[in-house]
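Letter by letter, the chains look like this.
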Amino acid sequence: MSNFAFLSNNTFMKVAPQAQLPFAIAGVAWDGCVTNRPGARFGPRAIRQSSHMLCDGTHPLFDTTPEGHLTDLGDLLLPNTSLEAMRAAMLPLIAPMLAQHHMAWLGGDHSITLPLLRAYKAHFAQPLAVIHFDAHCDTWTDHFGEPSGHGTWVYEAIQEGLVRPECFVQFGIRSAGQREARDYVADQGGLIYTARALRGLESPTQLASILQQVRQRMAEHGNPPLYLSLDIDCLDPAFAPGTGTPEPGGMTSNQVFSILEELVPQLNFVGMDCVEVAPPYDHAELSSYAAAQMVWTYLCARLASHGPA
């Protein structure tokens, strides 16, 4: 499993691979569960390539850079034809990474988030809070007749007790779907901010009441370990056309950056993934540039507020 042509051979921001650094990138080049256009297996490579434009990587808001604190562990070596085999192979690879690093994972389709949450729950010995950016609710109870896929992971994570439903927050939801699926997170006690509800709200000032609701929700429940899952299709296709299931009417880049810049320094984030970048459908690398800068923003925000520990 070491010679697939789609595996990345460059590094995020051109950082040198080193074992003893606090932050790390790893790719999960899997797209065996897409329901429309394939290609997300090439996401890790494209995001890494786009990250090279960041040069010294000093963030203009946080005035810090991941350089010197970040390593790139490459892509996980996984089976590429069986969802269950892929997920089973992921778990023993993830555990030692979590023991050493604060991880940012590059997908891959969204089915990779379920095994990641399984590993994080085992690592922290408790279910996680989650902030989830997506066009899709991912709460369907089956994957077009199959039991699991990239649109079922939220439902499965809640059913398995991997996450705290009352601390599950969704941003950007807007796709077609029955009410039972669309409102599932809210019905379980979580928060949903649809793309429609977010229209016209871009700056931190405009988003202040929503941001405060999220902070308050986490504080009320003791600020549990918080995981970020960012599906690039949360963005309108005007900002991110390179994805397998584009949905018009989505979030702007400014909205996502405002939310990340305000919440990541303040809340108890323990890791993140960025998924569903599909380079074959991209235009001018818009989607991979957005993804690279969102991962970079997350890393810089964590460094600025919590240091390299």
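These numbers come from a predicted model, not from an experiment. (Residues numbered from 1 in each chain as written. Predicted model: local features only at pLDDT ≥ 70, side-chain atom pairs only at ≥ 80, totals over all residues. Heavy atoms only, no water.)

**What to know about the packing of aromatic side chains**
This structure, assessed with the given rule, holds 7 aromatic pairs. Ring geometry for Phe133 and Phe171: centres 5.1 Å apart, planes at 20 degrees, overall stacked. Placement of Phe133 in strand β4 (residues 128–133) and of Phe171 in strand β5 (residues 163–171) is noted, with a sequence separation of 38 residues between them. You can call Phe171 buried: its relative accessible area is 0%. Taking NZ or CZ as reference, Arg37 lies 4.2 Å from the ring centre of Tyr281, over its face. (Phe/Tyr/Trp six-rings, centres within 6.5 Å; stacked < 30°, edge-to-face > 60°. Helix = DSSP H or I, 4+ residues; strand = E, 2+ residues; numbered from the N terminus. Buried < 20%, exposed > 50% of the residue type's maximum accessible area, 1.4 Å probe, protein only. Lys NZ or Arg CZ within 6 Å of the ring centre and 35° of its normal.)

**Quick look at the pattern of salt bridges**
Applying the stated rule across the entire model yields 9 salt bridges. Asp31 is paired through a salt bridge with Arg41; the nearest N and O atoms lie 3.0 Å apart. In this pair, Asp31 is assigned in the loop between β1 (23–28) and α1 (43–51) and Arg41 in the loop between β1 and α1, connecting sequence segments 10 residues apart. Overall, the relative accessible area of 8% leaves Asp31 in the buried class. Judged by its relative accessible area of 23%, Arg41 is partly exposed. Arg179 is the partner of Asp187 in a salt bridge, and the nearest nitrogen-oxygen pair spans 3.3 Å. (Salt bridge = Lys/Arg side-chain N within 4 Å of Asp/Glu carboxyl O.)

**What about helix α9 (residues 253–263)?**
The buried count for α9 comes to 8 of 11 residues, which makes it a mostly enclosed element. Along α9, the residues that are buried comprise Ser253, Gln255, Val256, Phe257, Ser258, Ile259, Leu260 and Leu263.

**Some remarks on the side chain of Arg48**
With respect to the helices and strands, Arg48 occurs in helix α1. Looking at Arg48, its side chain comes within polar contact range of the main-chain oxygen of Gly74, at 3.2 Å. (Polar contact = N/O pair within 3.5 Å; in protein donor to acceptor, adjacent residues only side chain to side chain.)

**A look at the environment of Ser8**
Position of Ser8 among the secondary structure elements: in the segment before β1. On the basis of relative accessibility, which here comes to 14%, the residue Ser8 falls in the buried class. Taking the C-alpha atoms as reference points, Ser8 and Asp75, 67 residues apart in sequence, are found 6.4 Å from one another.

**Considering the sheet that holds strand β3 (residues 102–107)**
Taken in spatial order, the 8 strands line up as β2-β1-β3-β8-β7-β4-β5-β6 in an open sheet, and their pairing is parallel. Sheet topology places β2 (70–75) and β6 (191–193) at the edges, where each strand pairs with a single neighbour. The sheet shows a mean angle of 15 degrees between the axes of neighbouring strands, taken without regard to direction. Taken together, the 4 bridges between β3 and strand β8 (residues 269–275) define a ladder with parallel strand orientation. (Pairing = 2+ DSSP bridges. Axes fitted to C-alpha atoms, helices over the stretch in contact; angles between N-to-C directions.)

**Considerations on the pairing of strand β7 (residues 226–231)**
Of all 6 residues that make up β7, 6 are buried, and the element is covered over most of its length. With burial as the criterion, each face of β7 is covered, one bearing Leu226, Leu228 and Leu230 and the other bearing Tyr227, Ser229 and Asp231. Here β4 runs beside β7; their pairing, made up of 5 bridges, is parallel. Counted as the bridge partner of Val130 is Tyr227 from β7. Where β7 meets β8, 6 bridges bridge the pair, whose relative direction is parallel. Of the residues in β8, the one forming a bridge with Asp231 is Val275. Considered for its hand, the β-α-β crossover made up of β7, α9 and β8 is right-handed. (Right-handed = clockwise from strand over helix to strand, strands pointing away.)

Just geometry here; none of it tells us what the structure is for.
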